[in-house]
Amino acid sequence: MEVPDEEHEHLIERVAAIDVAKAFGKVCTRIPHPSTSGRRVTKVWDVEATMNAVTELSDRLIELGVEKVTVESTGDYWRIWYYVLEARGLNVQLVNARDVKHLPGRSKTDKLDAVWLAKLTEKGLVRPSFVPPKEIRTLRDYTRMRSDLTAERTRYWLRLEKLLEDSLIKVSAVASTLTTASIRDMIEALIAGERNPRVLAELARGRMRAKIPALVEALTGQFDDHHAEIAALLLAQIDGLDAQIGKLTARIEQLLDDLPAAQPHRASGDSGRDGNSSTSPSHHPEITTASQPMLSAVERLDEIPGISPAVAQVILAEVGLDMNRFPTAGHLVSWAKLCPRTIQSGAKSPTGGRTGKGNPYLKGVLGQAAAVAARTDSFLGERYRRIVKRRGKLKALVAVARSILVIIWHLLADPTAKYFDLGAGYHADRVNKDKRIRTYVRQLEALGLTVTLTSAA
C-alpha cells in the first residue's frame, strides 16, 4: 500500500512559530545559517500582542524570507496574530495545541514550546486547522450572533412560562407554545389588568377558539400586579431580541448577496464532482439541468429535507463556499466530527466510538436539520427509520446529519449541481426479490412446512 504525503508534509527552509499568550507571544524563527551549510539559526524573542507590534513582526518575517508561520490556537488570543500576518501576505497556519504538545520528560516553558513548534513546522509535522477567508469569517460572526440571540430569546420565553406557572396560569398546557398571537394577546391583557378568565379566553384566534373552555380553566389563577410588571419586562426583552435578530438576518442576506460564489451558476454538462446520485442530475436522464432555474447556494441547500434558509446560512458561514479545503466529503465529515474515530490495533477495529466535539454551531444546526428530515417521507427520513431500529435515536440522528453534510459537500463542490431526492423506497426497490423469496422458503421448510408459491393476480 502506498500512502501519499499530504501537501503540508514537506521540509520548509525558513519557518516561524508563535506560542500565544494573552498579552504577548513568544516568537521563534528557524532559518539556514548564512555561512555554514546544514546548520540552522534559531532565534526566540517576545512580541507584544498589539496591532503595531505584530505589524512590525510581520515586516521582519518578510525580510527574513519566512515561508510559513505557525500560530498555536490558544483561546481567542491567536486572532490578532493570524489576522495581521495573513493581511500582510504571509503564509499562516493555525494548529491545535493538542496536536503539538511538548515532548514529555522536558520542562514546559514558552521558549521551548516556540522552538518545538518551529521544528515541527519545518519538518511538516503539524496539521493546520481550517480558518475560512475574511468574508466568510465576517458572515460567521453575524450568524453566530444571531444563533446566540435566538437562544437568549428562547430563555426569556422559558422565564415567562415559569412566571405564568408561579401565578397558577396553566395556559402553556393548552397551547403548544407561548409564541402564538392568541397567547400573546392574553398575556398583554393580563399585564393591562384584565383578570376575567372568560374575557381572556375570548381573545383566542383561529383554531385556538375551539379550546376556549380549556382556556377558561387554564387562565383561572392568581396573576397579580408583580407578575404583570415582570411579564412586561420579559416581553420587552423578547421584542428587543426579535428586532435585533431581524436586523442580523437582513445583514446576513446582504453579505451572501455580495459573495460571488454564493450566487446562481449556469448549469454545465458535468454535475457532481464525484457523481453522487443524490445530487447529480446527470445520473437521472429524466432531469435536464437546462430546463431548471438557476439557484443560489442558499436556495440549493434549502432543497435538502430539514434545511431551511436560516439553517443554510449558518452552514455556509461555518464551512465556507470553497470545498477545495476539504478534498472529499469524508474530510468535511471528519472535520465536523460527525463520524466516530478510527481506532485500530492489530486485528481489532472497534466500532461505535465517540464522534468528538467539533464545531458546536455546525453540529447544532445539522442536528436540527436531521431531526426535521427524520419526520419526512424522503430518502433521509427512511434512512433515519432504518437506523433507529437497531442503533437508537441519537446515533440515527448523527447518521442522518452526516448524510446531509455529504450532500452539502457535493452541492458546494459543484455549483451547478442540484439536490435530487432518491425517495423513501430507494432501498426497498433495490432488494433482490428472488433471494429474499429463497430465504423465506428455506426458513419455512426448516419448520417442517411444504411451501408452494403462487403469483398474485
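Note that the structure is predicted; figures quoted are calculated from it, not measured. Every chain is numbered independently, its residues counted from 1 as its sequence is written. Totals for whole chains, interfaces and linings use every residue, but because this is a predicted model, local features are given only for residues with pLDDT of at least 70 and side-chain atom pairs only at 80 or more, for both listing and counting. The basis for every side-chain value is the complete set of non-hydrogen atoms in the structure, without hydrogens or water.

Caption draft 1: Summary view of a nonpolar patch on the surface. Judged by side-chain polarity, Leu-444, Leu-447 and Leu-449 come together as a nonpolar surface patch covering roughly 300 Å² of accessible area. Think of it this way: any DSSP run of H or I at least four residues long counts as a helix, any run of E at least two long counts as a strand, and we number them from the N terminus. Here Leu-449 shows up in the segment after α16 (433–446). Note on patches: the residues involved have over 30% relative accessible area and no salt bridge, like charges join within 9 Å, and the nonpolar side chains Val, Leu, Ile, Met, Phe, Trp and Tyr join within 5 Å. Per-residue accessibility takes into account occlusion by the displayed protein chains alone, with areas from the Shrake-Rupley method and a 1.4 Å probe. Here a salt bridge means any side-chain nitrogen of Lys or Arg lying within 4 Å of a carboxyl oxygen belonging to Asp or Glu.

Caption draft 2: Main features of the pattern of salt bridges. This model, assessed by the stated rule, comprises 20 salt bridges. Of the charged contacts, one joins Arg-88 and Asp-59 as a salt bridge, the two residues approaching to 2.0 Å between their closest N and O atoms. Separated by 29 residues along the polypeptide, Arg-88 in the loop between α2 (78–87) and β5 (92–96) and Asp-59 in helix α1 (residues 51–63) bring together distant segments of the chain. A cluster of three or more residues bridged by salt bridges with shared partners is formed by Glu-13, Arg-30, Arg-40, Glu-122 and Lys-123.

Caption draft 3: Region of the structure containing the pairing of strand β1 (residues 15–20). Classification of residues uses two cut-offs on accessible area relative to the type maximum, computed with a 1.4 Å probe and protein chains only: under 20% is buried, over 50% is exposed, and between them is partly exposed. Among the 6 residues in β1, 6 count as buried, and that is most of the element. Neither face of β1 is exposed, since Val-15, Ala-17 and Asp-19 on one face and Ala-16, Ile-18 and Val-20 on the opposite face are all buried. Paired strands, in this sense, are two strands between which DSSP finds at least two bridges. As defined by bridge partners, β1 adjoins strand β2 (residues 24–32) across 6 bridges and the pair is classed as antiparallel. Each bridged residue has a counterpart across the sheet, and for Asp-19 the counterpart in β2 is Lys-26. What sits between the antiparallel neighbours β1 and β2 is a turn of 3 residues. Sheet analysis places β1 next to strand β4 (residues 68–73), joined by 4 bridges and oriented parallel. Looking at the pairing, Ala-17 lines up with Thr-70 of β4.

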